[in-house]
Amino acid sequence: MIRLGNNALKAKDFLSTVTTKQKNDALLEIAKGLRENCETIIQENKIDIENAKKDGLPDGLVDRLMLDEGRINAIAHSVEQVAELPDPCGEILSEYIKENGLKITKVSVPIGVIGIIYEARPNVTADAAVLCLKSSNAVILRGGKEAINSNMAIAGVMRAALKKCGFDENCIQLVTDISRESANEMMKMKGYLDCLIPRGGKGLIRSVVENSTVPVIETGSGNCHIFVDEGADIDMAAKIIFNAKTQRIGVCNACESLVIHSGIIDKALPAIKALLDTKNVEMRGDERAMLAAQGVLPASDEDFAEEYLDYIISIKTVDNLDEAIKHINRYSTKHSEAIITENEENARQFLARVDSAAVYVNASTRFTDGGEFGLGAEIGISTQKLHARGPMGLRELTTTKYLIYGNGQVR
């Protein structure tokens, strides 16, 4: 790990000298390499998928892990999108001259060396690496054991592309030791890493936050809520909830919790359940939900706090907007929440009072994503409030520096 850290420090220095065009050329070469090596990556991914199924990994996590030609093309396309985005480094944020003649300029600069610990999502290997590259940060990637073969294949393609473009290939490094010790060592690499970003389940994030001596940007798990207000369009609500729950179950922006107004539940919940039944979604609700729709199972307090990553959803009945907001703020992981309503004042109140990184009116929570937000890709979705919040793109991977010009001033 120390060797990787020293390599990253040298690569960080190299990146301080490269131009935007050089970075973009390298990104396009990476995209080209991913497409040209698609079949090799898929073959390595098949090994990971086979091992995951043998180990009994849940279906939602197997889906996260799986790569096919379409997904690899999507990754390559996102790399190309990042190349098209403005370079976030060197932007003048403010500039002024003091009474004593000092000219003070505030500019955006790279964070430096970024470490990322993540689980069974090989697309993160590419997304995180290219965002760091475009923002002139060196990166050390440490994926989970479930995706090690996929990650090594993707990282190999990217490092070869860097070398072909005359870059220090250690701008992108992958930890191939998948033991718990390597993750623990990475959390203690103060002096080498400028920040550490965990991306995965609650257990991983908690471990990094509690044990790291390196500053952490916390990306959260997603217990995402959708509140069906009394005046909601029932057909719209059913379609949005169906999309948010079932389009992909193993992602952090999937809806896990349904909150529904008692004044509409008898009409709305059967319609919602009819759609969810087509995907065999298990519904766990309170007493009023169980009475409103046949087949709803009883929910516990633990259900209201759970990120299922499965075909399961909890249901809480409320009598008013205040009760809905109180329930959501209590059980939310501060990721993404939505209200389905025709009442503009209720929508305004929901947007203002729900304390999450992304809050929607009449739209699916599945849109909380760097690509969907126009960021090209994302390095994670931050649920904290300092430095970055929500989908993290290029700008969130920079910090600031003051440049001061004088002509002999002393204090």
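Check the entry above for the structure.
Residues numbered from 1 in each chain as written. Predicted model: local features only at pLDDT ≥ 70, side-chain atom pairs only at ≥ 80, totals over all residues. Heavy atoms only, no water.

**Student:** Outline helix α3 (residues 38–54), listing residues and values.
**Tutor:** Under the 1.5 Å per step criterion, the end-to-end length of α3 is 24 Å for 17 residues, consistent within 8% with the ideal 24 Å. Taken as a whole, α3 has its buried residues at Cys38, Ile41, Ile42, Asn45, Asp48, Ile49 and Ala52. Buried residues of α3, viewed axially, fall in a sector of 120°; they line one side. When the buried face of α3 is taken as reference, the exposed residues oriented beyond 90 degrees from it are Glu39 and Lys54. Its buried side turned inward, α3 meets α2 (20–36), α4 (59–65), α5 (69–84), α6 (122–134) and α7 (148–164). Following α3 by one or two positions, Gly56 has its phi on the positive side, about 75°. (Helix = DSSP H or I, 4+ residues; strand = E, 2+ residues; numbered from the N terminus. Expected span 1.5 Å × (residues − 1). Buried < 20%, exposed > 50% of the residue type's maximum accessible area, 1.4 Å probe, protein only. Arc of directions from axis to C-beta. Contact = heavy atoms within 4.5 Å.)

**Student:** Summarise the layout of surface pockets; cite the residues concerned and give the values.
**Tutor:** Within this model, the largest pocket holds a volume of roughly 790 Å³. Forming the walls of the largest pocket are 31 residues, and the residues nearest its centre are Arg121, Asn123, Asp127, Arg248 and Asp369. Counting residues per element, the ones that place at least two in the lining of the largest pocket are α5 and α6. Here the element with the most residues in the lining of the largest pocket is α5; it accounts for 6 residues. The volume enclosed by the second largest pocket comes to roughly 580 Å³. Ile117, Tyr118, Glu119, Arg142 and Leu204 are, among the 32 residues lining the second largest pocket, the residues nearest its centre. Counting only elements with at least two residues in the lining of the second largest pocket, the list comes to α4, β3 (113–118), α8 (180–186) and α9 (202–211). Along the lines of polarity and charge, the residues of the lining of the second largest pocket split into 12 nonpolar, 10 polar and 10 charged. (1 Å grid on protein atoms, 1.4 Å probe; cavity = no way out; pocket = protein on both sides within 12 Å on 5 of 7 lines; lining within 4 Å. Points joined across faces, edges and corners; volume = space filled by probe spheres on them. Nonpolar A, V, L, I, M, F, W, Y, C, P; charged D, E, K, R; others polar.)

**Student:** Give me the lowdown on the sheet that holds strand β8 (residues 255–261), citing residues and values where you can.
**Tutor:** Across a sheet, paired strands are connected by hydrogen bonds in the backbone, their directions being either parallel or antiparallel. If you walk across this open sheet you meet the 7 strands as β10-β9-β11-β8-β7-β12-β13, and the pairing is parallel. Where the open sheet ends on each side, the last strands, each with one partner, are β10 (297–298) and β13 (358–361). Pairing between strand β7 (residues 224–228) and β8: 5 bridges, direction parallel. Considered in β8, the bridge of His225 is made with Ser257. Sitting on the sheet, helix α10 (residues 234–246) is in contact with β7, β8, β11 (312–318) and β12 (336–340), with an inclination near 170° to β7. Together, β7, β8, β11 and β12 form the strand contacts of helix α14 (residues 321–331), whose direction differs from that of β7 by roughly 175°. (Pairing = 2+ DSSP bridges. Axes fitted to C-alpha atoms, helices over the stretch in contact; angles between N-to-C directions.)

**Student:** Account for the nonpolar core, naming residues and giving values.
**Tutor:** One finds Ile30, Leu34, Ile116, Leu133, Leu141, Ile197 and Ile379 to be the most contacted residues of the largest nonpolar core, which totals 68 residues. Looking at this core element by element, the count peaks at 8 residues for α6. Excluding its chain neighbours within four sequence positions, the residues that come into contact with Ile197 are Ile114, Gly115, Ile116, Ile117, Ile217, Thr219, Ile379, Met392 and Leu397. With 29 residues, the next largest nonpolar core counts Val228, Ala244, Ala292 and Ala293 among its residues. (Core = buried A, V, L, I, M, F, W, Y, C linked by side-chain atoms within 4.5 Å.)

**Student:** Account for the pattern of salt bridges, with residues named and values stated.
**Tutor:** For the coordinates displayed, the defined rule picks out 21 salt bridges. A salt bridge links Arg353 to Asp322, with the shortest nitrogen-to-oxygen separation between them at 2.8 Å. With Arg353 in helix α15 (residues 344–353) and Asp322 in helix α14, the pair connects residues that are 31 residues apart, well separated along the chain. For Arg353, a relative accessible area of 35% translates into the label partly exposed. Judged by its relative accessible area of 46%, Asp322 is partly exposed. The salt bridge partner of Asp355 is Lys385, with a shortest N-O separation of 3.1 Å. Of this pair, Asp355 sits in the loop between α15 and β13 while Lys385 sits in the loop between β14 (381–382) and β15 (390–391), and the two are 30 residues apart along the sequence. On the basis of relative accessibility, which here comes to 27%, the residue Asp355 falls in the partly exposed class. (Salt bridge = Lys/Arg side-chain N within 4 Å of Asp/Glu carboxyl O.)

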